[in-house]
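# Report on the structure
The residues making up each chain are set out below.
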Amino acid sequence: FLFGTPFQDDLNVIFTKIRSSLSPKNVAHLERIAEASAPRFQGVRNYAEKKEILSELRKALLYQYRCNILYAPPQRSAEHYQFDPYTLLFFQNALYLGGYAHNRNDLRLFLIDRIQQVEVKKERFEVPADYDVADLTGGAFGLVDGQPLSVRVRFDAEVAHLIRERQWHPRQQLEKEEDGSVVVAFESAGTREILAWICSFIPHVEVLEPDSLRSEFRTLLEKSLKKAL
């Protein structure tokens, strides 16, 4: 997932140095460890086109330099931000830059893909002592914060084991029903990301609460059905 980034180059240099200092026996053992366990990513992004921008951001992150960033949200004109970069966040095979946006007087998350320009200033900033990475997402189900929803979703018995095997939200509650289905309840923001999660279990899923989420889910199903007919 770091393909095309300066961070991949850094890791290659580090591992080359480690490899050169080891005996052939130890090198062979480490190669076997690498073969015995492997991650698998889907929808991986190639950040080669953003390598120069990421190199500048790496410097700003490490030395706590303030930046001027040109960022283009989807379907909107690009805007300039005076930005203090706190964290490079990896989420669902994508890189995000989190920090403080002075012209918004608040924390912001920027998808690296949509950053068009970066100017690193020589002005230093301090990361607040009480800052936590979780502050960037608030009560969001994923990354997008907003109005919290009290969510209840029922999953059929066919997929109930998949639901029970994972923690989908830090404060989730699971209710097992007599027919083998399971109801997941939690309070969170981020309607779009919650809907994406729900849609991944179609047709074995039913939105119980709130009515607004149930209505949006129904609208998505109706639109999809029209395209299929």
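Please refer to the structure placed before this passage.
Residues numbered from 1 in each chain as written. Predicted model: local features only at pLDDT ≥ 70, side-chain atom pairs only at ≥ 80, totals over all residues. Heavy atoms only, no water.

## With respect to the pattern of salt bridges
For the structure shown, the criterion picks out 17 salt bridges. Two residues, Arg154 and Glu206, come together in a salt bridge whose shortest N-O distance is 2.8 Å. One end of the pair, Arg154, is in strand β6 (residues 149-155); the other, Glu206, is in strand β9 (residues 205-209), and 52 residues separate them in sequence. Overall, the relative accessible area of 32% leaves Glu206 in the partly exposed class. Several salt bridges share partner residues, and in doing so they unite Arg154, Glu177, Glu206 and Arg214 into one network. (Salt bridge = Lys/Arg side-chain N within 4 Å of Asp/Glu carboxyl O. Helix = DSSP H or I, 4+ residues; strand = E, 2+ residues; numbered from the N terminus. Buried < 20%, exposed > 50% of the residue type's maximum accessible area, 1.4 Å probe, protein only.)

## A closer look at a nonpolar patch on the surface
Taken together, Phe1, Phe41, Val44 and Phe90 make up a surface patch of nonpolar side chains, about 320 Å² in accessible area. In this fold, Phe1 is placed in the segment before α1 (6-20). (Patch = residues over 30% accessible without salt bridge, like charges linked within 9 Å, V, L, I, M, F, W, Y side chains within 5 Å. Areas by Shrake-Rupley, 256 points an atom, 1.4 Å probe, with all protein chains shown as cover.)

## Describing the packing of helix α5 (residues 191-199) against helix α6 (residues 211-228)
Following both chains from N to C, one finds α5 and α6 inclined at 60°, their axes separated by 11 Å at the closest point. In terms of axis orientation, α5 runs oblique to α6. The hand of the α5/α6 crossing is right-handed. In contact with Thr191, Ile194, Leu195, Ile198 and Cys199 of α5, α6 contributes Leu213, Glu216, Phe217 and Leu220. Along the lines of polarity and charge, the residues of the contact of α5 with α6 split into seven nonpolar, one polar and one charged. (Axes fitted to C-alpha atoms, helices over the stretch in contact; angles between N-to-C directions. Parallel < 35°, antiparallel > 145°, perpendicular 65-115°, else oblique. Left-handed = near helix turned anticlockwise from the far one by under 90°. Contact = heavy atoms within 4.5 Å. Nonpolar A, V, L, I, M, F, W, Y, C, P; charged D, E, K, R; others polar.)

## What about the environment of Val183?
Its place among the elements puts Val183 in strand β8 (residues 182-188). Contact partners of Val183, with chain neighbours within four places excluded, come to Arg152, Val153, Arg154, Gln173, Leu174, Glu175, Glu177 and Leu208.

## Comments concerning the packing of aromatic side chains
Tallying each qualifying case throughout the model produces 12 aromatic pairs. Consider the rings of Phe186 and Trp197, whose centres lie 5.9 Å apart with planes at 55°: the pair is tilted. Of this pair, Phe186 sits in strand β8 while Trp197 is found in helix α5, placing the two residues 11 residues apart along the sequence. Across the pair, Trp197 and Phe186 agree in class, each one buried. Site record: aromatic cluster; members linked through ring pairs are Phe155, Trp168, Phe186, Trp197 and Phe201. (Phe/Tyr/Trp six-rings, centres within 6.5 Å; stacked < 30°, edge-to-face > 60°.)

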